[in-house]
Amino acid sequence: MSLPAPTSDALAASHALQHLIAAEIERASGAIPFTRFMELALYAPGLGYYSGGAAKLGKDGDFTTAPELTPLFGATLAHVAAAIIAQSAPRILEFGAGTGKLAFDILTELKAAGIELEQYAIVELSGELRARQQALLGGFPQVVWLDALPERWDGAVFGNEVLDAMPVQLVRKTAGGWRELYVTIQDGGFAYEEQPMSAELQRQLASQVGAEQEAELPDGYETELHGTACGFMATLGRMLAQGSGAAVLLDYGFPGHEYYLDQRDKGTLMCHYRHHAHAEPFYLPGLQDITAHVDFTAAAVAAQDAGADVLAYMNQAAFLIGAGVGELLLRTDPSDAMAYLPQANALQKLVSPAEMGELFKVLVIGKNVELPAQLAAADRSHRL
């Protein structure tokens, strides 16, 4: 692959992580599940992609998220938050807050609207990103950082591109049945190795793919199973079921019946390095993001089984438009081209079907709250 060369310090950090992973493989008799490899590559203390010190977001990082494109994104979510907290408690919880830009824009919009927030809690696994958040959000005393999830939550919850970064299991269909992909060492590097699937993983496969759809998939078909994300959604569902509030999760992905299609025979695993996307998870571990598209059906079912209600599911375009992003754009005078056009162009990227508008979906789960009528009208949860 023709990718930008890392600095010597970054390369040294990646080599240290590779040695750590290799040592774990050796202790595990020669192979570890891919989900464990991905967990170490992303979250190994001090060395993983999200727990290390390298910049992740923006022009100096590896990718850009919606809050970095325009403050309209956060301002729109602020109005959704206002509707939720008016029915529950004046508190917001955000998972994986990135640079803190989404929190900053939400807090700024709520303050301008005269809405007092008791607490804005952030759960962040990356030390580098937490430091950036603390620097940006120093003017908002209601912001706190949590090291563990609360057992109950009343208020609004946001997770923008959180589920896609959770470790996945990789499985492959063979003539002898489904096998799980493990990571081993071969010719001095990491490589895949097929191993039998556990009974639990077989149940997960049957639940996510479905017997009828699974039977139509060809031998050699590879895909992901989302045990970690489903566990997270179950925890989130229990947190909300004990109180009142709603969680808004925005990410790229598909409902289950679209996820496991014949043509998606190599799955959806994708890596991001210095604004280059590729499909090689063993490239420079610790220096690149590793993601998979979200199975929104599995996520919704996990939350529902834990006691939460599925309040809505739709594409990002429908969500932002239903939440009033168009009206917020018009607060900038269209005749002021220098101010208006950059915001209009950024919004176009967020809602265009050819950009983020269709690929990104929004799942809303909650308990004892209702969504604003315009958002409820856009609900397509029957497609899950």
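Just so you know, these numbers come straight off a predicted model, no measurement behind them. (Residues numbered from 1 in each chain as written. Predicted model: local features only at pLDDT ≥ 70, side-chain atom pairs only at ≥ 80, totals over all residues. Heavy atoms only, no water.)

Undergrad: For this particular structure, what's the right way to read the overall build of the protein chain?
TA: Across its full length, the protein chain carries 15 helices and 16 strands. Relative to the compact-globule value of 21 Å for 384 residues, the protein chain shows a C-alpha radius of gyration of 21 Å, a close match. Based on the C-alpha atoms only, the size of the protein chain along its principal axes is roughly 60 × 50 × 40 Å. In the protein chain, which comprises 384 residues, the share counted as buried stands at 54%. Put simply, of all contacts in the protein chain between residues at least 6 apart along the chain, 77% involve residues at least 24 apart. Carbon and sulfur atoms make up 53% of the accessible area of the protein chain, which amounts to about 16,200 Å² in all. (Helix = DSSP H or I, 4+ residues; strand = E, 2+ residues; numbered from the N terminus. Rg over C-alpha atoms; globule rule 2.2 N^0.38 Å. Buried < 20%, exposed > 50% of the residue type's maximum accessible area, 1.4 Å probe, protein only. Contact = heavy atoms within 4.5 Å. Areas by Shrake-Rupley, 256 points an atom, 1.4 Å probe, with all protein chains shown as cover.)

Undergrad: Explanation requested: helix α6 (residues 127–136) in the structure shown.
TA: Spacing of three or four residues puts side chains on the same side of an α-helix, whose turn is 3.6 residues. Looking only at α6, the buried set comprises Glu128, Leu129 and Gln133. Viewed end-on, α6 has its buried residues packed into an arc of 135°, placing them on one side of the element. Where α6 is buried, its residues touch β3 (119–123) and β4 (143–146). (Arc of directions from axis to C-beta.)

Undergrad: Looking at this structure, how should I read the pairing of strand β7 (residues 177–186)?
TA: Sheet analysis places strand β1 (residues 32–33) next to β7, joined by two bridges and oriented antiparallel. Residue pairing for β7: Pro33 is matched across the bridge by Tyr182. Note: strand β6 (residues 169–174) against β7, four bridges, orientation antiparallel. Bridging from a neighbouring strand, Val171 pairs with Glu180 of β7. Where β6 folds back on β7, the antiparallel hairpin that results is connected by two residues. Judged from the eight bridges that link them, β7 and strand β8 (residues 189–196) form a sheet pairing that is antiparallel. (Pairing = 2+ DSSP bridges.)

Undergrad: Mind showing me how you'd approach the pattern of salt bridges here?
TA: Close approach of charged atoms lets side chains of opposite charge pair. Taken as a whole, this structure holds 17 salt bridges when the rule is applied. Its salt-bridge partner being Glu222, residue Lys266 comes within 4.0 Å of it at the nearest N-O pair. Highlighted residues: Lys266 in the loop between α10 (256–259) and β11 (270–273) and Glu222 in strand β9 (residues 222–225), separated in sequence by 44 residues. Across the salt bridge formed by Lys367 and Asp309, the nearest N and O atoms sit 3.5 Å from each other. A residue pair is termed long-range when its members are at least 10 positions apart, and Lys367 in strand β16 (residues 360–367) and Asp309 in strand β15 (residues 309–315) qualify at 58 residues. (Salt bridge = Lys/Arg side-chain N within 4 Å of Asp/Glu carboxyl O.)

Undergrad: Would you mind going over the packing of helix α9 (residues 227–241) against helix α11 (residues 296–305) with me for this structure?
TA: It is the contact of α9 with α11, at a shortest axis distance of 7 Å, that shows an interaxial angle of 35°. By crossing handedness, the relation of α9 to α11 is classed as right-handed. On α11, the residues that touch Cys230, Met233, Ala234 and Gly237 of α9 are Ala298, Ala299, Ala302 and Ala303. Taken together, the residues that form the contact of α9 with α11 break down as seven nonpolar, one polar and no charged. (Axes fitted to C-alpha atoms, helices over the stretch in contact; angles between N-to-C directions. Left-handed = near helix turned anticlockwise from the far one by under 90°. Nonpolar A, V, L, I, M, F, W, Y, C, P; charged D, E, K, R; others polar.)

Undergrad: Any chance you could explain the side chain of His226 here in plain terms?
TA: Take His226: it is sitting in the loop between β9 and α9. Every residue in contact with His226, bar those within four places of it in the chain, is listed here: Val168, Gln169, Gln204, Gln208, Tyr259, Tyr260, Ala292, His293, Val294 and Asp295.

Functional significance is not addressed by these values, which are geometric in nature.
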